[in-house]
Amino acid sequence: MSLPADPPRPERGKVLVAGIGNIFLGDDGFGVETVRALTGRQLPLHVEAVDIGVRGVHLAYQVLDGYDTLILVDATARGERPGTLYVIEHDSADAGEPHDVPLDGHRMTPDTVLALLETLCATTGGQPPRRTLVVGCEPALVEEGIGLSPPVSAAVPEAVRLIEELLRADEPGESAPRATVGEAAK
């Protein structure tokens, strides 16, 4: 007597983790530094970590290559203590109709990149990611200068751990971490 075969597991979709920001503006380089730290880790084969920096237009076009999940890593000012980490889920249903996006390749915020992506998908027939998350860190200083402030630098390893949790949350049986406020600022 043979046992029934296990049902095939759905193939995991590709995940893009994109570090964005300007390393010449202090804590704005948080996303780039976090992705650099993440690339030194063992990542699943379906995960690609990329230092995008200020090339937001490039990021929007790269996402058209077909990613199931997009994780943007960036400095995110929300009024908390510097070094505070956030996980923000982007809801494309709230985005409304695609609209014209000013193309200033050196000043593209995550919102601008996502709006450009929606416009590109509408005009090319491409599909946006099923899920888009922002892992953000409250900056202390966003002014000319290279290097992260001490509280933001201290948040980088915690952000790497948080991203790894998010990657595991897409696996069966795992749950997503809750948004973190203040965990890294201890």
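This text follows the structure it describes.
Keep in mind that this is a model prediction, so the values were computed, not measured.

1. Structural notes on the overall build of the chain
Consideration 1: Check the secondary structure of the chain and you find 4 helices and 5 strands.
Consideration 2: In the chain, the order of α-helices and β-strands from amino to carboxyl end is β-α-β-α-β-β-α-β-α.
Consideration 3: Here the chain holds 186 residues, and 45% of them are scored as buried.
Consideration 4: Pairs at least 24 residues apart make up 77% of the contacts formed inside the chain by residues separated by at least 6 positions.
Consideration 5: Accessible surface, the chain: about 10400 Å² in total, of which carbon and sulfur atoms supply 52%.

2. Examining the side chain of Glu164
Consideration 1: Relative to the helices and strands, Glu164 is located in helix H4 (residues 150-169).
Consideration 2: Take Glu164: its relative accessible area is 15%, and that puts it in the buried class.
Consideration 3: Not counting the four nearest positions on each side in its chain, Glu164 is found in contact with Leu38 and Arg41.

3. Topic: the environment of Pro150
Consideration 1: Among the structural elements, Pro150 can be located in helix H4.
Consideration 2: Here the alpha-carbon distance between Pro150 and Asp27, two residues 123 residues apart in the chain, equals 9.6 Å.

4. A few points about the packing of aromatic side chains
Consideration 1: Counted under the stated rule, the structure contains 0 aromatic pairs.
Consideration 2: Above the ring of Tyr67, the side-chain terminus of Lys14 is found at 4.6 Å from the ring centroid.
Consideration 3: Just above the ring of Tyr86 sits the side chain of Arg78; from NZ or CZ to the centre is 5.3 Å.

5. Notes on the pattern of salt bridges
Consideration 1: One pass over the full model with this rule turns up 7 salt bridges.
Consideration 2: Between Glu89 and Arg131 there is a salt bridge, and its shortest N-O distance comes to 3.2 Å. Of this pair, Glu89 sits in strand S4 (residues 85-90) while Arg131 sits in strand S5 (residues 131-137), placing them 42 residues apart in sequence.
Consideration 3: Through salt bridges with shared partners, a single ionic network connects Glu33, Arg36 and Asp51.

6. Some points on the packing of helix H1 (residues 30-39) against H4
Consideration 1: In contact at an axis separation of 9 Å, H1 and H4 are set at 55° when each is read in the N-to-C sense. Relative to H4, H1 is oriented oblique. When the axes of H1 and H4 are compared, the crossing they make is right-handed. Listed contacts from H4 to Phe30, Glu33, Thr34, Ala37 and Leu38 of H1 are Val152, Ala155, Val156, Ala159, Val160, Ile163 and Glu164.
Consideration 2: The class makeup of the residues in the contact of H1 with H4 is 9 nonpolar, 1 polar and 2 charged.

Each value, and the rule that gives it
Residues numbered from 1 in each chain as written. Predicted model: local features only at pLDDT ≥ 70, side-chain atom pairs only at ≥ 80, totals over all residues. Heavy atoms only, no water. Helix = DSSP H or I, 4+ residues; strand = E, 2+ residues; numbered from the N terminus. Buried < 20%, exposed > 50% of the residue type's maximum accessible area, 1.4 Å probe, protein only. Contact = heavy atoms within 4.5 Å. Areas by Shrake-Rupley, 256 points an atom, 1.4 Å probe, with all protein chains shown as cover. Phe/Tyr/Trp six-rings, centres within 6.5 Å; stacked < 30°, edge-to-face > 60°. Lys NZ or Arg CZ within 6 Å of the ring centre and 35° of its normal. Salt bridge = Lys/Arg side-chain N within 4 Å of Asp/Glu carboxyl O. Axes fitted to C-alpha atoms, helices over the stretch in contact; angles between N-to-C directions. Parallel < 35°, antiparallel > 145°, perpendicular 65-115°, else oblique. Left-handed = near helix turned anticlockwise from the far one by under 90°. Nonpolar A, V, L, I, M, F, W, Y, C, P; charged D, E, K, R; others polar.

Function cannot be inferred from these measures alone, as they are strictly geometric.
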